Amino acid sequence: MRWISPFLVAALAAFGVFLLAVVTKQPRHDRNWYPHLSRLPHVELQDGTFSIAPYGDWTYTENDSDEMVWSAVPPHRISDVRRVWFVMEPHPGLTVMAHTFVMFEFGEGDLVGLTIEARKETRETYSAFRGTFNKFELMYYWASPRDLMTRRAVMMDRELYMYPLALSQAEAEAYLTALLEKTVSIEQRPRFYNTLTSNCTNELAKAADIPWHPAFILTGDADRALYLRKRISGEGRFEEVHAKARVDACVRENASLPQAAFNAALVACAE
């Protein structure tokens, strides 16, 4: 059994080198990113008004991106936000996992979307395991609902569920402000994504000051957790609210509409 000691020493040394590499690695903005994650949003935030550029407004077909358009969100007053929508994209075949994002509604046809992403480099694939070891940078990607929804429902053929959040006007304004401020912070100082502590769902939850819940990590239960905490509007059993919230068929049906018409149709389907 003399081989055990040298083997353990070598294994511990290798693990120590790995941990040192993880701890000392610095997040960066200048990598060879996937095209749709290549442009970091810049937020202008002043006196209760915000604007965003660049702003993703891509459209997708069943095979790939169709139009790769970068636009801008013109100045909006934060106090004009009417409603916040929470969107779930369940992971196919893995019910404990899902991607989540939000959309802010300012008026009929006026929606501004945000998804929080593990910012992947070209030819890189997402891995929840590697995401715990500083493999990916964190990105707040602001984009039109047509961009966020057609990518998932049309190109990726995923299910989508869209829920109105039960927020007061003050809470909705504070939530939007917090997410805009976090976007500014990341532009100024890059951060790492982390599967356990800084993923799509718990970044959104932290901005809303929601107490910790296992769904922060097991994100496939995020909508149920929010409903049970009365943060998702709806009456009756969760299963009924969940079924009513499904919108991927609506996204496919209206994918070719202009942005404002698409947004209005989407909200009508979710109401």
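Every chain's residues receive numbers from 1 upward, in the order its sequence appears when written. Local features are withheld for residues below a pLDDT of 70 in this predicted model, meaning they are given only at 70 or higher, and side-chain atom pairs are given and counted only at 80 or more; totals for whole chains, interfaces and linings count all residues. Water and hydrogen atoms were dropped before computing side-chain values, which therefore reflect all heavy atoms in the structure.

K.L.:
Describe the nonpolar core, listing the residues and the values that go with them.
P.N.:
By convention a nonpolar core is built from buried Ala, Val, Leu, Ile, Met, Phe, Trp, Tyr and Cys residues, the set being connected through side-chain atoms within 4.5 Å. Burial here depends on accessible area, computed with a 1.4 Å probe over protein chains only, as a share of the maximum for the residue type. Under 20% is buried, over 50% is exposed, and the range in between is partly exposed. Judged by nonpolar contacts, the single largest core of 48 residues is most densely connected at F104, W142 and L179. Elements are defined by DSSP. Helices are runs of H or I of four residues or more, strands are runs of E of two residues or more, and each kind is numbered from the N terminus. Looking at this core, the element that brings in the most residues is helix 3 (residues 169-188), giving 8 residues. Throughout, a contact is declared for two residues whenever any of their heavy atoms are within 4.5 Å. Look past the residues within four positions of L179 in its chain and what remains in contact with it is V102, F104, L114, Y140, W142, L204 and A207. Counting residues in hydrophobic clusters, the runner-up holds 22 residues, among them W58, M149, V251 and F262.

K.L.:
So, a nonpolar patch on the surface: which residues are in play, and what are the values?
P.N.:
Patch definition: residues above 30% relative accessible area lacking any salt bridge, with like charges linked at up to 9 Å and the nonpolar side chains Val, Leu, Ile, Met, Phe, Trp and Tyr linked at up to 5 Å. Values of accessible area rely on a 1.4 Å probe in the Shrake-Rupley scheme; residue burial ignores everything except the protein chains shown. We define a salt bridge as a side-chain nitrogen of Lys or Arg found within 4 Å of a carboxyl oxygen belonging to Asp or Glu. Together, L94, V96 and L218 make up an exposed nonpolar region whose accessible area comes to about 240 Å². With respect to the helices and strands, the residue L218 is situated in the loop between helix 4 (200-207) and helix 5 (222-228).

K.L.:
Describe the state of the cysteines, and please don't skip the residues or the numbers.
P.N.:
Sulfur atoms of two cysteines make up a disulfide when they are within 2.5 Å. Evaluation of the coordinates by the stated rule reveals 1 disulfide. At a sulfur-sulfur separation of 2.1 Å, the disulfide partner of C250 is C269. With the S-S bond torsion at 75°, the cross-link from C250 to C269 turns out right-handed. In this pair, C250 sits in helix 7 (residues 248-254) while C269 sits in helix 8 (residues 259-270), placing the two residues 19 residues apart along the sequence. Classification of C250 as buried rests on a relative accessible area of 7%.

K.L.:
I'd like to hear about the packing of aromatic side chains, residue by residue, with values.
P.N.:
Here a Phe, Tyr or Trp ring, Trp counted by its six-membered ring, pairs with any other such ring whose centre lies within 6.5 Å, and the pair is stacked when the planes are under 30 degrees apart, edge-to-face when over 60, and tilted otherwise. Counted under the stated rule, the structure contains 12 aromatic pairs. An aromatic cluster is defined as three or more aromatic residues linked by ring pairs; in this entry it consists of W58, Y60, W70 and Y141. Think of it as a cone above the ring: NZ of Lys or CZ of Arg counts as a charge over the ring if it is within 6 Å of the ring centre and within 35 degrees of the ring normal. Just above the ring of Y34 sits the side chain of K120; from NZ or CZ to the centre is 5.6 Å.

K.L.:
So what's going on with the side chain of H76? Residues and values would help.
P.N.:
Within the secondary structure layout, H76 lies in strand 5 (residues 70-77). Relative accessible area serves as the criterion here: at 12%, H76 is assigned to the buried category. Pairs of N or O atoms are called polar contacts if they sit within 3.5 Å, as long as, within protein, a hydrogen donor faces a hydrogen acceptor (for residues adjacent in sequence, only side-chain-to-side-chain pairs). Polar contacts involving the side chain of H76 include one to the main-chain carbonyl oxygen of P74, which spans 2.7 Å. In this view, H76 contacts G48, T49, F50, F106 and D110; residues no more than four positions away in its chain are not counted.

K.L.:
Lay out the environment of T197 in plain terms, naming residues and giving numbers.
P.N.:
Summarising the element assignment, T197 is placed in the loop between helix 3 and helix 4. Judged by relative accessible area, which is 46%, T197 ranks as partly exposed. As a C-alpha pair, T197 and P92 span 105 residues in sequence and 23 Å in three-dimensional space. Residues contacting T197, with those up to four places away along its chain left out, are N202, E203 and K206.

K.L.:
An account of the environment of S79 is needed here, citing residue identities and associated values.
P.N.:
The topology assignment puts S79 in the loop between strand 5 and strand 6 (83-90). By relative accessible area, S79 is classed as partly exposed at 37%. In this structure the C-alpha to C-alpha distance between S79 and A170, which are 91 residues apart in sequence, comes to 8.5 Å. When near neighbours in sequence (up to four residues on either side) are disregarded, S79 contacts Q169 and E173.

K.L.:
Which residues make up the confidence of the model for the chain, and what are the values?
P.N.:
Parts of the model with low pLDDT should not have their predicted coordinates read in detail. Here the chain averages 91 in pLDDT, while 91% of its residues score no lower than 70. Known as pLDDT, the predictor's confidence for each residue is given on a scale from 0 to 100. Within the model, pLDDT remains below 50 along residues 9-22, and this stretch shows 3 contacts once partners closer than five positions in the same chain are excluded.

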